Amino acid sequence: KRFKDLLTVLPAMGTNRLSERLASLTADGVIKKSVLSLPAATPVYELTEYGEELRGPLIALSLWGLRLPVDERIDASNVRAELVALTLAGAASPSASAGIHEIYEFHVGDEKLHFIVDDGRVLPRSGPSQVSADVVVACDMETFTGLALGAITPEAAMLEHRVALLKGEATLFVRAFSILSYKS
């Protein structure tokens, strides 16, 4: 991710603290800094092989946190659909998406994100898809999290008008959460 993208996802961090943490993680070999190819030529940060070892424990911690009840102690402005998406993609079973090549786009409140599903791989991405998504769904954060945890089914979410299907077939929306929902 680019520095500004990290700062957007971690607004309480501040630029100086984020710079310090990125430098420390780079020095420790957890992340590496590289530069996007031209014309952007923008520095980006990505996990190293060593840093990738943290993916499993972080996903487990994220899934645990998703199940916590939301109350007044939680600052709702810090809850990010993008982070839920990252958790879901990391927890997705490759067999659930084997042979599937689709893009699922979600508008969760003011956030837009999409998943690229490609034959056993699920890649979460910030923002709208640059290519036409197979299904586009709008909902609020509570519904997105409920879908993610299996607390509400896609069918129930549609029936209760908790989601708006902006593009694509309902069957694709249902399939998206057969791939993305967390199964404990």
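Student: A description of the nonpolar core should follow, citing residues and the corresponding values.
Tutor: Within the largest apolar cluster, 33 residues are counted, with the highest numbers of intra-cluster contacts made by Tyr 104, Phe 106, Phe 115, Phe 144, Phe 177 and Leu 180. Broken down by secondary-structure element, the contributors of at least two residues to this core are helix H4 (55-66), helix H5 (81-91), strand E3 (101-108), strand E4 (111-118), strand E6 (135-139), helix H6 (141-149) and helix H8 (170-180). Among the elements that take part in this core, H8 stands out by supplying six residues, more than any other. Counting residues in each nonpolar core, the second largest holds seven residues, with Leu 6, Met 13, Ile 31 and Tyr 45 among its members.

Student: I'd like to hear about the packing of aromatic side chains, residue by residue, with values.
Tutor: Under the defined criterion, the tally for this structure stands at five aromatic pairs. Arranged with centres 5.9 Å apart and planes meeting at 85 degrees, the rings of Phe 106 and Phe 115 form a pair that is edge-to-face. Judged by relative accessible area, which is 0%, Phe 106 ranks as buried. When the centroid spacing of 6.3 Å and the interplanar angle of 80 degrees are considered together, the rings of Phe 144 and Phe 177 count as edge-to-face. Placement of the pair is Phe 144 in helix H6 and Phe 177 in helix H8, with a sequence separation of 33 residues.

Student: Now, about the packing of H6 against H8: what can you tell me, with residues and values included?
Tutor: Between H6 and H8, whose axes approach to 8 Å, the crossing angle comes to 60 degrees. Taken together, H6 and H8 sit at an angle that is classed as oblique. Residue-level contacts link Phe 144, Leu 147 and Ala 148 of H6 to Phe 173, Phe 177 and Leu 180 of H8. Tallied by class, residues from the contact of H6 with H8 come to six nonpolar, no polar and no charged.

Student: Go over a nonpolar patch on the surface with me, naming the residues and quoting the values.
Tutor: Taken together, the side chains of Leu 54, Leu 58, Leu 61, Trp 64 and Leu 68 present a nonpolar region at the surface, about 510 Å² in accessible area. In this structure, Leu 54 sits in the loop between helix H3 (49-52) and H4. When its relative accessible area of 42% is taken as the criterion, Leu 54 is described as partly exposed.

Conventions and cut-offs
Residues numbered from 1 in each chain as written. Predicted model: local features only at pLDDT ≥ 70, side-chain atom pairs only at ≥ 80, totals over all residues. Heavy atoms only, no water. Core = buried A, V, L, I, M, F, W, Y, C linked by side-chain atoms within 4.5 Å. Buried < 20%, exposed > 50% of the residue type's maximum accessible area, 1.4 Å probe, protein only. Helix = DSSP H or I, 4+ residues; strand = E, 2+ residues; numbered from the N terminus. Phe/Tyr/Trp six-rings, centres within 6.5 Å; stacked < 30°, edge-to-face > 60°. Axes fitted to C-alpha atoms, helices over the stretch in contact; angles between N-to-C directions. Parallel < 35°, antiparallel > 145°, perpendicular 65-115°, else oblique. Contact = heavy atoms within 4.5 Å. Nonpolar A, V, L, I, M, F, W, Y, C, P; charged D, E, K, R; others polar. Patch = residues over 30% accessible without salt bridge, like charges linked within 9 Å, V, L, I, M, F, W, Y side chains within 5 Å. Areas by Shrake-Rupley, 256 points an atom, 1.4 Å probe, with all protein chains shown as cover. Salt bridge = Lys/Arg side-chain N within 4 Å of Asp/Glu carboxyl O.

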